[in-house]
Amino acid sequence: MPLLPPGFVLGAATAAAQIEGATAEDGRGPSIWETYARRHPPADGSDGSVAADHYHRVDEDVALLARLGVSSYRFSISWSRVLPTGRGPVNAAGLDFYDRLVDRLLESGLAPMATLYHHDLPQALEDDGGWINPATAVAFGDYAGIVGERLADRVSSWVPISEPNVAAFLGYGNGTQAPGHRLYFDALHVVHQLLLGHGRAVGALREAGAREVGCANNHAPIWPFSEDPADVGAGKLFDSLWNGMFLEPMLLGRYPVDVAPLMDDLVAPGDLALIRQPLDFYGVNYYSPIRIAAAPDDAPVPFEVFEMLGYPRTDRGWTVVPDALREWLITFRARFRAALPPIVVTEAGASYAVGPDERGVVDDQARIDYLDAHLRAVVEACERGVDVRGFYVWSLLDGFEWTEGLAQRYGLVHVDHETLVRTPKRSFAWYAEVIAAQTRSVG
Ligand code: FCB
């Protein structure tokens, strides 16, 4: 593995709804993911109520992080554990859980990176309209303030909302994730609300004394299906919706020119200034490029996602294209230059369903190859002048992978979903060695 720049942070990431379980314990309120999983059960029937049982195994999991040697851990806070109905009285046991987690991380020498919202809206807010209701973005700002007041003295860095594009377009656009609304283009209203929520939360965190505040936006290079102008046009539009609609408001305080007219009626004076908050880092979650073709005239949206042929795939069928990460980072910097704070890869990883063999070894060479290639892509981007400061592997643990249930395994650590026993995979040992080599090289 070529060397990363000195001070480069190698970390691991998780999200509350995917690992904690204990969804009805110690006063936690329900979130939209339990409801969604009940209505649209994943093939294995799981619903996140146990997941990796992290809520009961925090000590063991922090010990695993320490053994891995990562210098930072990105986790998310369950809004409905802290505020069971999304607003109103704080559930002391919920906030205490994260307080203890942060202390344990610090005792083990790990810098906590806390995400406030990773897809798990309190069900009570959804019952009031969810992110369609502008009151949700206000409640999110209040929640950010409450958590900030308690933890900002110890949390190193903050992500208000993980992947607002996924939350808006999958949750409200095509309905393939919770809460499952199919609003198509009307989901643009939700995009704006999520961005307002981001702006409010950044402000509230700063007021509470937060040190570093950034974001974690899912970005995908968009490749047109063919050179046919219809496919190229569909690809450009999709790029503005998937990528531009989030990075331009956050970094430049405007919507991309081609979609701005669609937003005119939704944007009130002052909104874009609220959204464009100075960020200490720009988090990029990267998995793979997306191939887009023009859709038939009678389709509800003018683009269609097409399979990408000719590339290796993970067990989930996602294509493995590390070069696309390098190119995306380089182009991103070239486009935004001074407006771009340092970049952190806040998620990258792959699903391979390998389990322990008869000796108890989990030989996930494919994950090692995936991570190695993507880290090399980051090194190459750094060599080309892109300021990338960190890389968080998705994920520490095999967990509840949303609509896929427990079937997709992203962890460096295997979780037996019957016994909940943790077994570090070969990728865990490999990553530990990469981290140790990096630490040795910088003394
Ligand atoms: C990302 C999500 C994360 C996980 C990975 C595989 O988009 O942020 O929770 O599901 O995909």
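Since the structure is predicted, the reported quantities are computational estimates derived from the model, not experimental observations.

Participant: Outline the overall build of the protein chain, listing residues and values.
Facilitator: Looking only at helices and strands, the protein chain features 15 helices and 14 strands. Its C-alpha radius of gyration of 20 Å places the protein chain within 12% of the 22 Å reference for a compact globule of 443 residues. Oriented by its inertia axes, the alpha-carbon framework of the protein chain measures out at about 55 × 50 × 45 Å. Within the protein chain, buried positions represent 59% of all 443 residues. Just so you have it, the protein chain exposes about 16,600 Å², and 52% of that area is on carbon and sulfur atoms. Averaging the positions of the 36 positive and the 58 negative side-chain charges in the protein chain gives two centres separated by 4 Å.

Participant: Tell me what's going on with the confidence of the model for the protein chain, and back it up with residues and numbers.
Facilitator: Detailed conclusions should not be drawn from predicted coordinates in areas where pLDDT is low. For the protein chain, per-residue confidence averages 97 on the pLDDT scale, and residues scoring 70 or more make up 100% of the total. Complex prediction metrics read pTM 0.98 and ipTM 0.98.

Participant: Which residues make up the environment of Ser395, and what are the values?
Facilitator: As for its placement among the helices and strands, Ser395 is situated in the loop between strand S12 (388-394) and strand S13 (413-415). Residue classification places Ser395 among the buried residues on the basis of a relative accessible area of 3%. As a C-alpha pair, Ser395 and Ala37 span 358 residues in sequence and 21 Å in three-dimensional space. Leaving out residues up to four positions away in the same chain, Ser395 has contacts with Ala13, Thr14, Tyr410, Gly411 and Leu412.

Participant: Tell me what's going on with the side chain of Glu347, and back it up with residues and numbers.
Facilitator: Checked against the element boundaries, Glu347 lands in strand S11 (residues 343-348). Polar side-chain contacts of Glu347 include one of 3.0 Å to the side chain of Arg74. Of note is the side chain of Glu347, whose polar atom sits 3.0 Å from the side chain of Asn285. Excluding anything up to four places from it in sequence, Glu347 contacts Arg74, His118, Ser162, Glu163, Val284, Asn285, Tyr286, Tyr287, Tyr392 and Trp394.

Participant: Kindly report on the site of the ligand, identifying the contributing residues and their values.
Facilitator: Inspection of the region around the ligand gives Gln18, His118, Glu163, Asn218, Tyr287, Arg316, Glu347, Trp394, Glu401, Trp402 and Tyr410 as its neighbouring residues. Contact distances for the ligand include 3.0 Å between an oxygen atom and a side-chain N or O atom of Glu347. Its free accessible area being 300 Å², the ligand has 95% of it covered by the protein chains. Among the residues making up the shell around the ligand, the classes are represented as four nonpolar, three polar and four charged.

Participant: Outline the packing of aromatic side chains, supporting the account with residue identities and numerical values.
Facilitator: This structure, assessed with the given rule, holds 28 aromatic pairs. Residues Phe140 and Tyr143 carry aromatic rings whose centres are separated by 5.9 Å and whose planes lie at 50° to one another, so their mutual orientation is tilted. Taken together, the residues span about one helical turn, with Phe140 and Tyr143 both in helix H7 (residues 134-151) at a distance of three residues. Above the plane of the ring of Phe97 lies Arg81, whose end atom (NZ or CZ) is 5.9 Å from the centre.

Participant: Just give me the short version of the sheet that holds strand S7 (residues 222-224), but keep the residues and values in it.
Facilitator: The strands making up a sheet are joined through hydrogen bonds of the backbone, oriented either antiparallel or parallel. One open sheet accounts for three strands, arranged S7-S9-S10; its pairing is mixed. Of all the strands in the sheet, just S7 and strand S10 (303-306) have a single pairing partner and so form its edges. Within this sheet the neighbouring strands show an average axis-to-axis angle of 40°, counted without direction. Sheet topology note: the strand S9 (residues 290-294)/S10 ladder contains four bridges and is antiparallel. Bridging from a neighbouring strand, Ala293 pairs with Glu304 of S10. Its contacts with the sheet place helix H10 (residues 229-252) against S7, S9 and S10, and it is angled at close to 130° to S9.

Participant: I'd love a proper account of the sheet that holds strand S5 (residues 212-213), names of residues and values included.
Facilitator: Ordered by their spatial adjacency, nine strands build an open sheet running S5-S4-S3-S2-S1-S12-S11-S8-S6, and the pairing between neighbours is parallel. Whereas interior strands pair on both sides, the edge strands pair on one side only; in this sheet they are S5 and strand S6 (216-218). In the packing of H10 onto the sheet, the strands contacted are S6 and strand S8 (282-285), and the crossing angle to S6 comes to about 155°.

Participant: So what about the pattern of salt bridges? Which residues, and what values?
Facilitator: For the structure shown, the criterion picks out 28 salt bridges. The shortest N-O distance in the salt bridge between Glu20 and Arg81 comes to 2.8 Å. Residue Glu20 is located in the loop between helix H1 (16-19) and helix H2 (32-39), and its partner Arg81 is located in helix H4 (residues 79-82); the two are separated by 61 residues in the primary sequence. Between Glu34 and Arg28 there is a salt bridge, with the nearest N and O atoms lying 2.9 Å from each other. We note that Glu34, like Arg28, is buried. The structure contains a network of salt bridges with shared partners spanning Asp96, Asp99, Asp103, Arg150, Asp153 and Arg154.

Participant: Lay out the nonpolar core with the relevant residues and their values.
Facilitator: Counting 137 residues, the largest nonpolar core has Trp131, Trp158, Phe391 and Tyr431 as its most contacted members. Looking at this core, the element that brings in the most residues is helix H9 (residues 187-207), giving 11 residues. The next biggest cluster of nonpolar side chains, apart from the first, holds 11 residues, and it includes Ala13, Val159, Val344 and Tyr410.

Participant: Give a detailed account of the packing of H10 against helix H13 (residues 322-336), specifying residues and quantitative values.
Facilitator: In the contact formed by H10 and H13, the axes pass within 13 Å of each other and the chain directions differ by 40°. Considered as vectors, H10 and H13 are oriented oblique to each other. H10 and H13 meet at a crossing whose hand is right-handed. Taking contact as the criterion, the partners of Asn243, Leu247, Glu248, Leu251 and Leu252 in H10 are, on H13, Trp328, Phe332, Arg335 and Phe336.

Participant: Now, about the pairing of S8: what can you tell me, with residues and values included?
Facilitator: Side chains of S8 alternate between two faces, with Tyr282 and Val284 and Gly283 and Asn285 buried alike. The pairing of S8 with S11 spans four bridges and is parallel. In the strand pairing of S11, Asn285 is matched with Glu347.

Participant: Which residues make up helix H8 (residues 164-173), and what are the values?
Facilitator: Of all the 10 residues making up H8, 10 are buried; the element is thus mostly covered by neighbouring parts of the structure. Pro164, Asn165, Val166, Ala167, Ala168, Phe169, Leu170, Gly171, Tyr172 and Gly173 are the residues of H8 that are buried. Where the residues of H8 are buried, they touch helix H6 (123-127), strand S4 (157-161), H9, S6 and H10. Positive backbone phi, approximately 70°, marks Gly175, located one or two places after H8.

Here is what the cut-offs are and how they apply
Residues numbered from 1 in each chain as written. Predicted model: local features only at pLDDT ≥ 70, side-chain atom pairs only at ≥ 80, totals over all residues. Heavy atoms only, no water. Helix = DSSP H or I, 4+ residues; strand = E, 2+ residues; numbered from the N terminus. Rg over C-alpha atoms; globule rule 2.2 N^0.38 Å. Buried < 20%, exposed > 50% of the residue type's maximum accessible area, 1.4 Å probe, protein only. Areas by Shrake-Rupley, 256 points an atom, 1.4 Å probe, with all protein chains shown as cover. Lys, Arg positive; Asp, Glu negative; His and termini not counted. Charge placed at Lys NZ, Arg CZ, Asp CG, Glu CD. pLDDT = per-residue confidence, 0-100. Contact = heavy atoms within 4.5 Å. Polar contact = N/O pair within 3.5 Å; in protein donor to acceptor, adjacent residues only side chain to side chain. Near = heavy atom within 4 Å. Nonpolar A, V, L, I, M, F, W, Y, C, P; charged D, E, K, R; others polar. Phe/Tyr/Trp six-rings, centres within 6.5 Å; stacked < 30°, edge-to-face > 60°. Lys NZ or Arg CZ within 6 Å of the ring centre and 35° of its normal. Pairing = 2+ DSSP bridges. Axes fitted to C-alpha atoms, helices over the stretch in contact; angles between N-to-C directions. Salt bridge = Lys/Arg side-chain N within 4 Å of Asp/Glu carboxyl O. Core = buried A, V, L, I, M, F, W, Y, C linked by side-chain atoms within 4.5 Å. Parallel < 35°, antiparallel > 145°, perpendicular 65-115°, else oblique. Left-handed = near helix turned anticlockwise from the far one by under 90°.

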